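# Reading the structure
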Amino acid sequence: LKMRARFEASGLAAPAAKLCLYKRGALLLYSNDETSALCGDAFVGRLCAALTEEADDFSIGVSREHFSLSEFRECLRECLCASLFEAPGGAGFTRYDSLGSYRILLPFAGSEALRRFRDDVAGPVVEYDIENRSELFNSLSEYVLCGCDLHAAAQKMSVHENTLRYRLEKVASLTGLDYKRQEQLEQLSLAMKIDRCERLLEGTAL
(Lines give C-alpha, C1' and ligand atoms only; values in the text may rest on other atoms or scores of the structure.)
Protein backbone atom coordinates (compact mmCIF):
# COMPACT_ATOMS: atom_id res chain seq x y z
CA LEU A 1 0.00 0.00 0.00
CA LYS A 2 2.88 2.37 0.81
CA MET A 3 4.46 1.58 -2.54
CA ARG A 4 1.22 2.24 -4.40
CA ALA A 5 0.71 5.53 -2.54
CA ARG A 6 4.26 6.67 -3.34
CA PHE A 7 3.83 5.79 -6.99
CA GLU A 8 0.48 7.57 -7.35
CA ALA A 9 1.92 10.68 -5.68
CA SER A 10 4.99 10.70 -7.90
CA GLY A 11 3.33 12.05 -11.02
CA LEU A 12 4.48 8.99 -12.96
CA ALA A 13 1.26 7.05 -12.51
CA ALA A 14 -0.74 6.92 -15.75
CA PRO A 15 -3.21 4.67 -17.57
CA ALA A 16 -0.20 3.12 -19.32
CA ALA A 17 1.42 2.19 -16.01
CA LYS A 18 0.12 -0.74 -13.98
CA LEU A 19 1.48 -1.57 -10.53
CA CYS A 20 0.38 -4.87 -9.01
CA LEU A 21 1.43 -7.22 -6.26
CA TYR A 22 3.48 -10.18 -7.48
CA LYS A 23 4.64 -12.96 -5.15
CA ARG A 24 6.80 -11.29 -2.47
CA GLY A 25 7.10 -8.00 -4.30
CA ALA A 26 5.51 -5.88 -6.98
CA LEU A 27 5.44 -5.76 -10.74
CA LEU A 28 5.32 -2.50 -12.67
CA LEU A 29 4.17 -2.74 -16.28
CA TYR A 30 4.88 0.42 -18.25
CA SER A 31 4.02 1.04 -21.87
CA ASN A 32 4.61 4.00 -24.15
CA ASP A 33 4.33 4.75 -27.85
CA GLU A 34 7.73 6.43 -27.68
CA THR A 35 10.09 3.58 -26.80
CA SER A 36 12.95 6.00 -26.22
CA ALA A 37 11.12 7.17 -23.11
CA LEU A 38 11.69 3.76 -21.55
CA CYS A 39 15.34 3.34 -22.46
CA GLY A 40 17.21 5.82 -20.33
CA ASP A 41 18.60 4.98 -16.91
CA ALA A 42 17.40 8.35 -15.62
CA PHE A 43 13.76 7.51 -16.36
CA VAL A 44 14.04 3.99 -14.93
CA GLY A 45 15.73 5.48 -11.87
CA ARG A 46 12.79 7.84 -11.39
CA LEU A 47 10.39 4.90 -11.54
CA CYS A 48 12.41 2.97 -8.97
CA ALA A 49 12.66 5.98 -6.67
CA ALA A 50 8.90 6.42 -6.92
CA LEU A 51 8.39 2.87 -5.68
CA THR A 52 10.92 2.55 -2.86
CA GLU A 53 12.04 4.80 -0.05
CA GLU A 54 15.57 3.37 0.07
CA ALA A 55 17.64 1.89 -2.74
CA ASP A 56 18.15 -1.34 -0.80
CA ASP A 57 14.48 -1.85 0.09
CA PHE A 58 14.07 -4.17 -2.86
CA SER A 59 16.07 -5.91 -5.51
CA ILE A 60 14.80 -4.41 -8.76
CA GLY A 61 15.13 -6.03 -12.17
CA VAL A 62 14.33 -4.37 -15.50
CA SER A 63 13.46 -6.39 -18.59
CA ARG A 64 14.27 -5.45 -22.16
CA GLU A 65 11.70 -3.54 -24.19
CA HIS A 66 9.02 -5.77 -25.66
CA PHE A 67 6.64 -4.94 -28.48
CA SER A 68 4.01 -7.69 -28.40
CA LEU A 69 1.68 -9.09 -25.78
CA SER A 70 2.84 -12.55 -26.86
CA GLU A 71 6.22 -11.66 -25.31
CA PHE A 72 4.73 -11.02 -21.86
CA ARG A 73 5.98 -14.30 -20.36
CA GLU A 74 9.50 -13.56 -21.59
CA CYS A 75 9.28 -10.00 -20.26
CA LEU A 76 8.31 -11.30 -16.82
CA ARG A 77 11.10 -13.88 -16.80
CA GLU A 78 13.66 -11.25 -17.75
CA CYS A 79 12.84 -8.80 -14.98
CA LEU A 80 12.72 -11.60 -12.39
CA CYS A 81 16.11 -12.91 -13.55
CA ALA A 82 17.61 -9.43 -13.44
CA SER A 83 16.29 -8.87 -9.92
CA LEU A 84 18.40 -11.81 -8.69
CA PHE A 85 21.61 -9.88 -9.33
CA GLU A 86 23.19 -7.06 -7.37
CA ALA A 87 22.63 -3.66 -8.97
CA PRO A 88 25.87 -2.38 -10.55
CA GLY A 89 27.43 0.85 -9.40
CA GLY A 90 24.68 1.76 -6.96
CA ALA A 91 22.17 2.18 -9.80
CA GLY A 92 19.35 0.76 -7.68
CA PHE A 93 18.25 -1.63 -10.42
CA THR A 94 19.69 -4.29 -12.70
CA ARG A 95 18.92 -4.48 -16.40
CA TYR A 96 18.47 -7.88 -18.01
CA ASP A 97 20.61 -6.64 -20.90
CA SER A 98 23.55 -6.25 -18.51
CA LEU A 99 23.67 -9.90 -17.40
CA GLY A 100 26.03 -11.04 -20.15
CA SER A 101 26.57 -14.80 -20.32
CA TYR A 102 24.13 -15.33 -17.43
CA ARG A 103 21.37 -14.70 -19.98
CA ILE A 104 22.16 -18.00 -21.69
CA LEU A 105 22.94 -19.93 -18.50
CA LEU A 106 19.91 -19.03 -16.40
CA PRO A 107 17.26 -20.76 -18.55
CA PHE A 108 19.22 -24.03 -18.29
CA ALA A 109 20.38 -23.76 -14.68
CA GLY A 110 19.74 -27.03 -12.88
CA SER A 111 19.89 -29.07 -16.06
CA GLU A 112 21.86 -32.30 -16.00
CA ALA A 113 24.25 -31.07 -18.70
CA LEU A 114 25.23 -27.91 -16.82
CA ARG A 115 25.52 -29.68 -13.48
CA ARG A 116 27.74 -32.33 -15.02
CA PHE A 117 30.00 -29.67 -16.53
CA ARG A 118 30.26 -27.82 -13.21
CA ASP A 119 31.01 -31.01 -11.30
CA ASP A 120 33.55 -32.20 -13.83
CA VAL A 121 35.42 -28.89 -13.60
CA ALA A 122 35.00 -27.95 -9.96
CA GLY A 123 34.48 -31.34 -8.31
CA PRO A 124 38.16 -31.80 -7.33
CA VAL A 125 38.16 -28.33 -5.78
CA VAL A 126 35.05 -29.04 -3.71
CA GLU A 127 36.50 -32.34 -2.50
CA TYR A 128 39.77 -30.67 -1.53
CA ASP A 129 37.91 -27.95 0.41
CA ILE A 130 35.90 -30.57 2.32
CA GLU A 131 38.98 -32.59 3.22
CA ASN A 132 41.15 -29.62 4.14
CA ARG A 133 38.62 -27.01 5.31
CA SER A 134 40.03 -24.63 2.75
CA GLU A 135 38.44 -21.81 0.71
CA LEU A 136 39.51 -22.65 -2.82
CA PHE A 137 36.03 -22.84 -4.33
CA ASN A 138 34.89 -19.56 -2.76
CA SER A 139 38.14 -17.89 -3.78
CA LEU A 140 37.71 -18.96 -7.39
CA SER A 141 34.07 -17.87 -7.33
CA GLU A 142 34.95 -14.41 -5.99
CA TYR A 143 37.73 -14.09 -8.55
CA VAL A 144 35.23 -14.75 -11.35
CA LEU A 145 32.60 -12.45 -9.81
CA CYS A 146 35.18 -9.65 -9.70
CA GLY A 147 35.79 -9.95 -13.42
CA CYS A 148 38.95 -12.02 -12.92
CA ASP A 149 40.59 -8.98 -11.31
CA LEU A 150 43.05 -10.36 -8.75
CA HIS A 151 43.39 -7.09 -6.86
CA ALA A 152 39.63 -6.47 -6.62
CA ALA A 153 38.92 -10.05 -5.55
CA ALA A 154 41.63 -9.98 -2.88
CA GLN A 155 40.25 -6.72 -1.50
CA LYS A 156 36.71 -8.07 -1.43
CA MET A 157 37.85 -11.19 0.43
CA SER A 158 40.16 -9.20 2.75
CA VAL A 159 43.15 -11.37 1.88
CA HIS A 160 46.57 -10.59 0.45
CA GLU A 161 46.90 -10.87 -3.32
CA ASN A 162 49.60 -13.49 -2.87
CA THR A 163 47.19 -15.57 -0.76
CA LEU A 164 44.57 -15.47 -3.49
CA ARG A 165 47.18 -16.18 -6.14
CA TYR A 166 48.35 -19.24 -4.19
CA ARG A 167 44.77 -20.51 -3.95
CA LEU A 168 44.21 -20.08 -7.68
CA GLU A 169 47.45 -21.94 -8.40
CA LYS A 170 46.15 -24.74 -6.17
CA VAL A 171 42.90 -24.77 -8.15
CA ALA A 172 44.99 -25.09 -11.31
CA SER A 173 46.88 -28.08 -9.93
CA LEU A 174 43.64 -29.80 -8.88
CA THR A 175 41.67 -29.17 -12.08
CA GLY A 176 44.41 -29.03 -14.70
CA LEU A 177 43.01 -25.65 -15.75
CA ASP A 178 45.29 -22.60 -15.53
CA TYR A 179 43.48 -19.38 -14.63
CA LYS A 180 46.19 -17.43 -16.50
CA ARG A 181 45.28 -19.05 -19.84
CA GLN A 182 42.14 -17.60 -21.40
CA GLU A 183 40.69 -20.81 -22.87
CA GLN A 184 41.14 -22.63 -19.56
CA LEU A 185 39.95 -19.71 -17.45
CA GLU A 186 36.78 -19.74 -19.55
CA GLN A 187 35.97 -23.25 -18.31
CA LEU A 188 36.62 -22.29 -14.68
CA SER A 189 34.50 -19.17 -15.10
CA LEU A 190 31.60 -21.09 -16.65
CA ALA A 191 31.62 -23.62 -13.81
CA MET A 192 31.44 -20.83 -11.23
CA LYS A 193 28.67 -19.03 -13.11
CA ILE A 194 26.65 -22.23 -13.42
CA ASP A 195 26.97 -22.75 -9.67
CA ARG A 196 25.94 -19.16 -9.01
CA CYS A 197 22.87 -19.51 -11.24
CA GLU A 198 21.74 -22.59 -9.32
CA ARG A 199 22.16 -20.81 -6.00
CA LEU A 200 20.33 -17.71 -7.19
CA LEU A 201 17.41 -19.73 -8.50
CA GLU A 202 16.94 -21.82 -5.35
CA GLY A 203 13.43 -21.23 -4.05
CA THR A 204 12.30 -19.24 -7.08
CA ALA A 205 9.68 -20.24 -9.63
CA LEU A 206 11.66 -19.23 -12.71
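Residues numbered from 1 in each chain as written. Predicted model: local features only at pLDDT ≥ 70, side-chain atom pairs only at ≥ 80, totals over all residues. Heavy atoms only, no water.

Counting its regular elements, the protein contains ten helices and four strands. Secondary structure of the protein in N-to-C order comes out as α-β-β-α-α-β-α-β-α-α-α-α-α-α. Based on the C-alpha atoms only, the size of the protein along its principal axes is roughly 60 × 35 × 30 Å. For the protein, contacts bridging at least 24 residues in sequence account for 51% of all contacts bridging at least 6. Split by element, the accessible area of the protein, about 12500 Å² in all, is 51% carbon and sulfur. Computed over 25 positive and 31 negative side-chain charges, the inter-centroid distance for the protein is 3 Å. (Helix = DSSP H or I, 4+ residues; strand = E, 2+ residues; numbered from the N terminus. Contact = heavy atoms within 4.5 Å. Areas by Shrake-Rupley, 256 points an atom, 1.4 Å probe, with all protein chains shown as cover. Lys, Arg positive; Asp, Glu negative; His and termini not counted. Charge placed at Lys NZ, Arg CZ, Asp CG, Glu CD.)

Position of Asp195 among the secondary structure elements: in helix H10 (residues 182–201). Since its relative accessible area comes to 9%, Asp195 is described here as buried. When sequence neighbours within four positions are dropped, the list of residues in contact with Asp195 reads Arg118 and Phe137. (Buried < 20%, exposed > 50% of the residue type's maximum accessible area, 1.4 Å probe, protein only.)

A few words now on the packing of aromatic side chains. Taken as a whole, this structure holds three aromatic pairs when the rule is applied. Look at Phe85 and Tyr102: their rings are 4.9 Å apart centre to centre, the planes differ by 55°, and that puts the pair in the tilted class. On the criterion of sequence distance, the pair formed by Phe85 in the loop between helix H4 (72–83) and strand E4 (94–95) and Tyr102 in helix H5 (residues 102–105) is long-range, its members being 17 residues apart. Using a relative accessible area of 6% as the deciding quantity, one classes Phe85 as buried. Look at Tyr102 and you get buried, because its relative accessible area is 8%. Arranged with centres 5.8 Å apart and planes meeting at 90°, the rings of Tyr143 and Tyr179 form a pair that is edge-to-face. Within this pair, whereas Tyr143 is found in helix H7 (residues 136–145), its partner Tyr179 is found in the loop between helix H9 (161–175) and H10, the two being separated by 36 residues in sequence. (Phe/Tyr/Trp six-rings, centres within 6.5 Å; stacked < 30°, edge-to-face > 60°.)

A separate point is the side chain of Lys193. With respect to the helices and strands, the residue Lys193 is situated in helix H10. Lacking a salt bridge, the buried Lys193 has Glu186 as its closest oppositely charged neighbour, with an N-O distance of 8.9 Å. Residues within four places of Lys193 in sequence aside, it is in contact with Ser101, Tyr102, Leu105 and Val144. (Salt bridge = Lys/Arg side-chain N within 4 Å of Asp/Glu carboxyl O.)

Next up on the list: H10. The end-to-end C-alpha distance of H10 is 28 Å, a good match for the 28 Å that 20 residues give at a rise of 1.5 Å each. Listing the buried residues of H10 in full gives Gln184, Leu185, Leu188, Ser189, Ala191, Met192, Lys193, Ile194, Asp195, Cys197, Glu198 and Leu201. Residues of H10 that are buried sit in contact with H5, helix H6 (112–132), H7 and H9. (Expected span 1.5 Å × (residues − 1).)

Tallying each qualifying case throughout the model produces 14 salt bridges. Residue Arg115 pairs with Glu198 through a salt bridge whose shortest N-O separation is 3.0 Å. On the criterion of sequence distance, the pair formed by Arg115 in helix H6 and Glu198 in helix H10 is long-range, its members being 83 residues apart. The exposure class of Arg115 is partly exposed, given its relative accessible area of 36%. Note that Lys180 and Glu169 form a salt bridge whose closest N and O atoms lie 2.8 Å from each other.

The next subject is the environment of Leu145. Among the secondary structure elements, Leu145 is positioned in helix H7. Put simply, Leu145 and Ala113 are 32 residues apart on the chain and 22 Å apart in space, counted from C-alpha to C-alpha.

This part covers the confidence of the model for the protein. Across the protein, pLDDT averages 88, with 93% of residues at or above 70. Predicted confidence in the protein is weakest over helix H2 (residues 36–39), with a mean pLDDT of 61, and strongest over H9, with 97. (pLDDT = per-residue confidence, 0-100.)

Attention now goes to the pairing of strand E2 (residues 25–30). In the sheet, strand E1 (residues 17–22) pairs with E2 via six bridges, with the strands oriented antiparallel. Following the sheet pairing, Tyr22 is matched in E2 by Gly25. (Pairing = 2+ DSSP bridges.)

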